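# Architecture at a glance
Chain by chain, the residues:
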Amino acid sequence: MTKPVTSLAFMMLVEEAKVALDTPVHHILPELKGLGVYAGGGGGVPFATRPTAEPMRMIDLLRHTSGLTYSFQNRTNVDAAYREGRIENWHGNLTLDEFVVALGKLPLEFSPGTEWNYSVSTDVLGAVVERLSGMSLDRFFEMRIFAPLGMHDTFFQVPADKLDRLGDCWTLGPDKRPRLYDRGAESAWAKFPRLVSGGGGLVSTALDYHRFNTMLLNKGALDGTRLVSPKTIELMTTNHLPGGSDLAAMSRALFSETTNAGVGFGLGFAVTTDVARTMMPGSVGEFYWGGMFSTAFFVDPVERISMVFMTQFSPSMLYPIRRELKTMIYSALER
(Lines give C-alpha, C1' and ligand atoms only; values in the text may rest on other atoms or scores of the structure.)
Protein backbone atom coordinates (compact mmCIF):
# COMPACT_ATOMS: atom_id res chain seq x y z
CA MET A 1 0.00 0.00 0.00
CA THR A 2 2.76 2.35 -1.10
CA LYS A 3 0.62 4.68 -3.23
CA PRO A 4 -0.95 6.67 -0.38
CA VAL A 5 2.52 7.25 1.13
CA THR A 6 3.81 8.64 -2.17
CA SER A 7 0.71 10.80 -2.55
CA LEU A 8 1.22 12.25 0.92
CA ALA A 9 4.89 12.94 0.13
CA PHE A 10 3.84 14.89 -2.95
CA MET A 11 1.27 16.90 -1.01
CA MET A 12 3.94 17.84 1.52
CA LEU A 13 5.79 19.48 -1.38
CA VAL A 14 2.57 21.18 -2.48
CA GLU A 15 2.35 22.70 0.99
CA GLU A 16 5.89 24.03 0.52
CA ALA A 17 4.73 25.73 -2.73
CA LYS A 18 7.22 23.73 -4.79
CA VAL A 19 4.49 22.41 -7.08
CA ALA A 20 0.71 22.64 -7.58
CA LEU A 21 -2.00 20.20 -8.55
CA ASP A 22 -2.43 21.83 -11.96
CA THR A 23 1.31 21.90 -12.75
CA PRO A 24 1.92 20.08 -16.06
CA VAL A 25 3.95 16.94 -15.36
CA HIS A 26 6.46 17.75 -18.09
CA HIS A 27 7.47 20.92 -16.23
CA ILE A 28 9.14 18.63 -13.67
CA LEU A 29 9.73 15.58 -15.89
CA PRO A 30 10.63 16.96 -19.33
CA GLU A 31 11.03 13.39 -20.61
CA LEU A 32 7.21 13.25 -20.76
CA LYS A 33 6.73 16.38 -22.86
CA GLY A 34 4.76 15.87 -26.06
CA LEU A 35 3.20 12.52 -25.21
CA GLY A 36 0.41 11.60 -27.63
CA VAL A 37 -2.65 9.38 -27.38
CA TYR A 38 -2.58 5.94 -29.03
CA ALA A 39 -4.11 5.99 -32.50
CA GLY A 40 -2.76 2.74 -33.96
CA GLY A 41 0.23 0.47 -34.28
CA GLY A 42 2.02 -1.81 -31.88
CA GLY A 43 3.07 -5.44 -32.18
CA GLY A 44 6.10 -4.54 -34.26
CA VAL A 45 4.37 -1.70 -36.10
CA PRO A 46 5.37 1.87 -35.11
CA PHE A 47 2.83 3.61 -32.90
CA ALA A 48 0.62 6.34 -34.36
CA THR A 49 -0.59 9.02 -31.97
CA ARG A 50 -2.83 12.06 -31.82
CA PRO A 51 -2.30 15.11 -29.61
CA THR A 52 -3.80 15.22 -26.12
CA ALA A 53 -6.65 17.64 -25.51
CA GLU A 54 -4.90 18.87 -22.34
CA PRO A 55 -1.45 18.23 -20.91
CA MET A 56 -1.00 15.63 -18.20
CA ARG A 57 -1.11 17.45 -14.86
CA MET A 58 -0.06 16.42 -11.37
CA ILE A 59 -3.67 15.88 -10.36
CA ASP A 60 -3.94 13.28 -13.13
CA LEU A 61 -1.11 11.29 -11.54
CA LEU A 62 -2.76 11.44 -8.11
CA ARG A 63 -6.20 10.34 -9.31
CA HIS A 64 -5.13 7.91 -12.11
CA THR A 65 -6.54 9.97 -14.97
CA SER A 66 -3.14 10.41 -16.64
CA GLY A 67 -3.61 8.10 -19.63
CA LEU A 68 -0.87 5.79 -18.36
CA THR A 69 -1.52 2.09 -17.72
CA TYR A 70 -0.12 -1.09 -16.14
CA SER A 71 1.37 -3.97 -18.10
CA PHE A 72 -0.82 -6.51 -16.28
CA GLN A 73 -4.01 -4.91 -17.58
CA ASN A 74 -3.59 -7.17 -20.66
CA ARG A 75 -5.99 -5.06 -22.67
CA THR A 76 -4.24 -2.92 -25.29
CA ASN A 77 -1.16 -2.64 -27.47
CA VAL A 78 0.08 0.03 -25.08
CA ASP A 79 0.17 -2.20 -22.02
CA ALA A 80 1.70 -4.90 -24.25
CA ALA A 81 4.55 -2.46 -24.93
CA TYR A 82 4.94 -1.98 -21.15
CA ARG A 83 5.31 -5.77 -20.81
CA GLU A 84 7.77 -5.98 -23.69
CA GLY A 85 9.96 -3.30 -22.12
CA ARG A 86 9.64 -4.79 -18.60
CA ILE A 87 9.41 -1.22 -17.43
CA GLU A 88 7.64 -2.08 -14.16
CA ASN A 89 10.25 -4.65 -13.10
CA TRP A 90 11.55 -3.65 -9.66
CA HIS A 91 14.76 -5.67 -9.90
CA GLY A 92 17.42 -5.84 -12.57
CA ASN A 93 16.02 -3.58 -15.27
CA LEU A 94 15.37 0.20 -15.11
CA THR A 95 16.11 2.84 -12.53
CA LEU A 96 13.37 5.36 -11.73
CA ASP A 97 14.86 7.94 -14.12
CA GLU A 98 15.20 5.30 -16.85
CA PHE A 99 11.61 4.27 -16.20
CA VAL A 100 10.45 7.85 -16.89
CA VAL A 101 12.49 7.94 -20.11
CA ALA A 102 10.89 4.66 -21.24
CA LEU A 103 7.38 6.01 -20.59
CA GLY A 104 8.20 9.08 -22.65
CA LYS A 105 8.61 6.85 -25.72
CA LEU A 106 5.20 5.20 -25.44
CA PRO A 107 1.74 6.60 -26.18
CA LEU A 108 -0.97 7.29 -23.64
CA GLU A 109 -4.16 5.23 -23.69
CA PHE A 110 -6.41 8.31 -23.53
CA SER A 111 -6.18 12.07 -23.19
CA PRO A 112 -5.43 13.03 -19.56
CA GLY A 113 -8.47 13.85 -17.45
CA THR A 114 -10.99 12.06 -19.63
CA GLU A 115 -10.96 8.53 -18.18
CA TRP A 116 -9.69 6.58 -15.14
CA ASN A 117 -7.21 3.74 -15.40
CA TYR A 118 -5.27 2.02 -12.62
CA SER A 119 -1.70 2.67 -13.68
CA VAL A 120 1.93 3.55 -13.04
CA SER A 121 0.82 7.13 -12.35
CA THR A 122 2.01 6.95 -8.75
CA ASP A 123 5.40 5.60 -9.84
CA VAL A 124 5.74 8.73 -11.97
CA LEU A 125 4.65 10.79 -8.97
CA GLY A 126 7.55 9.24 -7.04
CA ALA A 127 9.92 10.55 -9.68
CA VAL A 128 8.36 13.99 -9.26
CA VAL A 129 9.00 13.83 -5.50
CA GLU A 130 12.64 12.96 -6.15
CA ARG A 131 13.18 15.80 -8.63
CA LEU A 132 11.47 18.43 -6.48
CA SER A 133 13.04 17.42 -3.17
CA GLY A 134 16.53 16.56 -4.39
CA MET A 135 16.30 13.36 -2.33
CA SER A 136 15.86 9.72 -3.33
CA LEU A 137 12.30 8.54 -2.76
CA ASP A 138 13.26 6.06 -0.05
CA ARG A 139 15.25 8.75 1.77
CA PHE A 140 12.34 11.23 1.57
CA PHE A 141 9.98 8.62 2.97
CA GLU A 142 12.31 7.80 5.86
CA MET A 143 13.23 11.37 6.79
CA ARG A 144 9.91 13.12 6.22
CA ILE A 145 7.28 10.44 6.98
CA PHE A 146 8.45 7.21 8.62
CA ALA A 147 10.84 8.59 11.24
CA PRO A 148 8.47 11.38 12.38
CA LEU A 149 5.59 8.87 12.68
CA GLY A 150 7.69 6.23 14.45
CA MET A 151 7.27 3.77 11.57
CA HIS A 152 10.48 1.87 12.18
CA ASP A 153 9.49 -1.29 10.28
CA THR A 154 8.59 0.23 6.91
CA PHE A 155 11.07 0.20 4.01
CA PHE A 156 11.75 -0.99 0.46
CA GLN A 157 14.42 -3.43 1.69
CA VAL A 158 14.02 -5.60 4.77
CA PRO A 159 17.18 -5.33 6.91
CA ALA A 160 19.05 -8.60 7.43
CA ASP A 161 18.35 -8.57 11.17
CA LYS A 162 14.58 -8.34 10.53
CA LEU A 163 14.29 -10.82 7.66
CA ASP A 164 13.18 -13.62 10.00
CA ARG A 165 10.03 -11.59 10.67
CA LEU A 166 8.99 -11.42 7.00
CA GLY A 167 6.18 -13.81 6.16
CA ASP A 168 6.09 -16.09 3.15
CA CYS A 169 3.93 -14.90 0.25
CA TRP A 170 1.57 -17.23 -1.59
CA THR A 171 -0.41 -17.32 -4.81
CA LEU A 172 -2.53 -19.88 -6.65
CA GLY A 173 -0.98 -22.10 -9.31
CA PRO A 174 -2.68 -23.12 -12.58
CA ASP A 175 -4.24 -26.04 -10.67
CA LYS A 176 -5.84 -23.55 -8.23
CA ARG A 177 -3.71 -24.88 -5.37
CA PRO A 178 -1.58 -22.65 -3.13
CA ARG A 179 1.94 -22.06 -4.42
CA LEU A 180 4.83 -20.31 -2.69
CA TYR A 181 5.44 -16.97 -4.42
CA ASP A 182 8.17 -15.41 -2.27
CA ARG A 183 9.77 -17.17 0.72
CA GLY A 184 10.36 -14.71 3.55
CA ALA A 185 13.77 -16.04 4.53
CA GLU A 186 15.00 -15.78 0.92
CA SER A 187 12.81 -12.89 -0.18
CA ALA A 188 13.43 -10.55 -3.09
CA TRP A 189 12.71 -7.83 -0.51
CA ALA A 190 16.06 -8.60 1.13
CA LYS A 191 17.62 -6.69 -1.77
CA PHE A 192 17.21 -3.01 -2.52
CA PRO A 193 15.17 -2.55 -5.72
CA ARG A 194 16.75 -1.04 -8.81
CA LEU A 195 13.43 0.67 -9.54
CA VAL A 196 12.32 2.47 -6.39
CA SER A 197 8.60 2.50 -7.02
CA GLY A 198 6.21 5.10 -5.68
CA GLY A 199 3.45 2.75 -6.81
CA GLY A 200 4.43 -0.32 -4.81
CA GLY A 201 7.07 -2.31 -3.03
CA LEU A 202 7.11 -1.03 0.54
CA VAL A 203 7.19 -3.66 3.28
CA SER A 204 5.55 -2.79 6.59
CA THR A 205 3.78 -4.10 9.68
CA ALA A 206 0.22 -3.76 10.90
CA LEU A 207 1.42 -1.52 13.73
CA ASP A 208 3.39 0.81 11.43
CA TYR A 209 0.57 1.19 8.92
CA HIS A 210 -1.89 1.69 11.77
CA ARG A 211 0.19 4.71 12.79
CA PHE A 212 -0.02 6.01 9.21
CA ASN A 213 -3.81 5.48 9.28
CA THR A 214 -4.15 7.24 12.61
CA MET A 215 -2.24 10.23 11.28
CA LEU A 216 -4.75 10.39 8.42
CA LEU A 217 -7.70 9.99 10.81
CA ASN A 218 -6.26 12.84 12.87
CA LYS A 219 -6.07 14.98 9.71
CA GLY A 220 -2.29 15.03 9.37
CA ALA A 221 -0.96 14.69 12.93
CA LEU A 222 0.12 11.93 15.30
CA ASP A 223 1.52 12.10 18.84
CA GLY A 224 2.25 15.81 18.59
CA THR A 225 3.91 15.56 15.16
CA ARG A 226 2.13 17.18 12.21
CA LEU A 227 3.07 16.19 8.65
CA VAL A 228 0.45 18.18 6.73
CA SER A 229 -2.42 20.51 7.55
CA PRO A 230 -6.00 19.30 8.14
CA LYS A 231 -7.06 21.13 4.98
CA THR A 232 -4.56 19.13 2.92
CA ILE A 233 -6.01 15.84 4.22
CA GLU A 234 -9.52 17.15 3.47
CA LEU A 235 -8.40 17.99 -0.08
CA MET A 236 -6.79 14.57 -0.54
CA THR A 237 -9.91 12.71 0.61
CA THR A 238 -12.40 14.61 -1.56
CA ASN A 239 -13.57 13.06 -4.82
CA HIS A 240 -11.60 14.72 -7.64
CA LEU A 241 -13.01 12.81 -10.61
CA PRO A 242 -14.26 15.30 -13.23
CA GLY A 243 -17.85 16.37 -12.75
CA GLY A 244 -18.10 14.48 -9.45
CA SER A 245 -18.21 11.22 -11.39
CA ASP A 246 -17.48 7.77 -9.98
CA LEU A 247 -15.28 4.92 -11.14
CA ALA A 248 -18.22 3.03 -12.61
CA ALA A 249 -18.62 5.86 -15.14
CA MET A 250 -14.96 6.66 -15.74
CA SER A 251 -12.93 3.47 -15.30
CA ARG A 252 -11.54 1.55 -18.24
CA ALA A 253 -9.31 -0.64 -16.04
CA LEU A 254 -9.73 -4.41 -16.06
CA PHE A 255 -8.31 -4.47 -12.54
CA SER A 256 -8.37 -2.14 -9.57
CA GLU A 257 -7.92 -2.30 -5.80
CA THR A 258 -11.50 -1.14 -5.28
CA THR A 259 -15.07 -1.65 -6.41
CA ASN A 260 -16.35 0.95 -8.84
CA ALA A 261 -19.98 1.92 -8.18
CA GLY A 262 -20.42 4.71 -5.66
CA VAL A 263 -16.67 5.23 -5.41
CA GLY A 264 -14.81 8.35 -6.45
CA PHE A 265 -11.11 9.00 -6.33
CA GLY A 266 -9.23 11.62 -4.37
CA LEU A 267 -5.54 12.47 -4.27
CA GLY A 268 -4.18 9.00 -3.61
CA PHE A 269 -7.24 7.26 -2.18
CA ALA A 270 -10.51 5.74 -3.30
CA VAL A 271 -13.35 7.71 -1.65
CA THR A 272 -16.86 6.44 -0.94
CA THR A 273 -19.40 8.89 -2.39
CA ASP A 274 -22.60 6.78 -2.37
CA VAL A 275 -22.84 3.97 0.20
CA ALA A 276 -25.93 2.39 -1.37
CA ARG A 277 -24.24 1.98 -4.74
CA THR A 278 -21.23 0.21 -3.20
CA MET A 279 -23.61 -2.41 -1.74
CA MET A 280 -21.44 -2.57 1.39
CA PRO A 281 -21.79 -0.88 4.78
CA GLY A 282 -19.69 2.23 5.17
CA SER A 283 -19.80 6.02 5.34
CA VAL A 284 -19.77 8.80 2.79
CA GLY A 285 -16.26 10.23 2.94
CA GLU A 286 -14.57 6.98 3.98
CA PHE A 287 -11.29 6.57 2.09
CA TYR A 288 -9.17 3.52 1.49
CA TRP A 289 -6.83 1.49 -0.69
CA GLY A 290 -5.21 -1.94 -0.95
CA GLY A 291 -2.06 -3.68 -2.11
CA MET A 292 -1.11 -6.42 -4.53
CA PHE A 293 -0.68 -9.02 -1.75
CA SER A 294 -4.30 -8.53 -0.56
CA THR A 295 -3.39 -5.98 2.11
CA ALA A 296 -6.05 -3.36 2.79
CA PHE A 297 -6.86 -0.31 4.87
CA PHE A 298 -9.67 2.14 5.31
CA VAL A 299 -10.20 5.30 7.34
CA ASP A 300 -13.73 6.39 8.28
CA PRO A 301 -13.77 9.97 9.62
CA VAL A 302 -17.51 9.76 10.34
CA GLU A 303 -17.30 6.80 12.72
CA ARG A 304 -13.73 7.71 13.77
CA ILE A 305 -12.39 4.23 13.00
CA SER A 306 -9.65 2.83 10.81
CA MET A 307 -8.61 -0.66 9.77
CA VAL A 308 -5.38 -2.15 8.47
CA PHE A 309 -5.25 -5.75 7.26
CA MET A 310 -1.98 -7.46 6.41
CA THR A 311 -1.74 -10.74 4.55
CA GLN A 312 0.51 -12.40 1.98
CA PHE A 313 -1.72 -13.62 -0.86
CA SER A 314 -1.28 -12.45 -4.46
CA PRO A 315 -2.97 -11.20 -6.56
CA SER A 316 -5.57 -9.42 -4.47
CA MET A 317 -8.43 -10.21 -6.86
CA LEU A 318 -8.36 -13.93 -6.00
CA TYR A 319 -10.41 -13.71 -2.81
CA PRO A 320 -12.90 -10.98 -1.78
CA ILE A 321 -11.48 -10.60 1.73
CA ARG A 322 -11.83 -6.81 1.77
CA ARG A 323 -15.61 -6.91 1.32
CA GLU A 324 -15.92 -9.48 4.11
CA LEU A 325 -13.66 -7.48 6.45
CA LYS A 326 -15.64 -4.27 5.99
CA THR A 327 -18.96 -6.05 6.44
CA MET A 328 -17.85 -7.69 9.70
CA ILE A 329 -16.30 -4.50 11.11
CA TYR A 330 -19.29 -2.28 10.39
CA SER A 331 -21.76 -4.91 11.59
CA ALA A 332 -20.02 -4.87 15.00
CA LEU A 333 -20.61 -1.14 15.56
CA GLU A 334 -23.18 0.03 18.12
CA ARG A 335 -24.50 3.52 18.64
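Our subject is the structure listed above.
Right, let's walk through the structure included here. Everything numeric here is computed off the predicted structure, so don't read it as measured data.

Let's shift gears to empty space enclosed by the protein. Counted by the stated rule, this structure contains 2 cavities of 30 Å³ or more. Approximately 60 Å³ is the volume found for the largest cavity. By volume, the second largest cavity is sized at about 40 Å³. Here the lining of the second largest cavity is built from residues that sort into 5 nonpolar, 3 polar and 2 charged.

For strand 1 (residues 37-42) and strand 2 (residues 45-50), the ladder comprises 4 bridges, and the chain directions are antiparallel. Counted as the bridge partner of glycine 42 is valine 45 from strand 2.

Leu8, Phe10, Phe141, Ile145 and Phe212 are the most contacted members of the largest nonpolar core, which totals 86 residues. Of all the elements, helix 1 (residues 3-15) adds the most residues to this core, at 7 residues. Setting aside anything within four residues of it in sequence, one finds phenylalanine 212 in contact with Pro4, Val5, Leu8, Ile145, Leu149 and Met151. If you look at the next biggest cluster of nonpolar residues, it comprises 8 residues, including Phe155, Leu163, Cys169 and Trp189.

With that out of the way, let us pick up the packing of helix 1 against helix 6 (residues 137-149). Packing of helix 1 against helix 6 leaves a shortest axis separation of 11 Å and a crossing angle of 85 degrees. One finds that helix 1 runs roughly perpendicular with respect to helix 6. Contact residues: Val5, Thr6, Leu8, Ala9, Met12 and Leu13 in helix 1; Phe140, Phe141, Arg144, Ile145 and Phe146 in helix 6. Considering only residue class, the contact of helix 1 with helix 6 consists of 9 nonpolar, 1 polar and 1 charged.

This next bit is on the pairing of strand 4 (residues 178-182). Taken together, the 4 bridges between strand 3 (residues 169-172) and strand 4 define a ladder with antiparallel strand orientation. Within strand 4, the position partnered with tryptophan 170 by the bridge is leucine 180. Between strand 3 and strand 4, which pair antiparallel one after the other, the connecting turn spans 5 residues, and lysine 176 there sits at a positive phi close to 70 degrees.

With that settled, consider the sheet that holds strand 10 (residues 296-300). With antiparallel pairing, 5 strands are arranged side by side in an open sheet as 7-8-9-10-11. The open sheet has two free edges, formed respectively by strand 7 (263-265) and strand 11 (305-309), since each of these has just one partner strand. The average undirected angle you get between the axes of adjacent strands in this sheet is 20 degrees.

Definitions and cut-offs
- Residues numbered from 1 in each chain as written.
- Predicted model: local features only at pLDDT ≥ 70, side-chain atom pairs only at ≥ 80, totals over all residues.
- Heavy atoms only, no water.
- 1 Å grid on protein atoms, 1.4 Å probe; cavity = no way out; pocket = protein on both sides within 12 Å on 5 of 7 lines; lining within 4 Å.
- Points joined across faces, edges and corners; volume = space filled by probe spheres on them.
- Nonpolar A, V, L, I, M, F, W, Y, C, P; charged D, E, K, R; others polar.
- Pairing = 2+ DSSP bridges.
- Helix = DSSP H or I, 4+ residues; strand = E, 2+ residues; numbered from the N terminus.
- Core = buried A, V, L, I, M, F, W, Y, C linked by side-chain atoms within 4.5 Å.
- Buried < 20%, exposed > 50% of the residue type's maximum accessible area, 1.4 Å probe, protein only.
- Contact = heavy atoms within 4.5 Å.
- Axes fitted to C-alpha atoms, helices over the stretch in contact; angles between N-to-C directions.
- Parallel < 35°, antiparallel > 145°, perpendicular 65-115°, else oblique.

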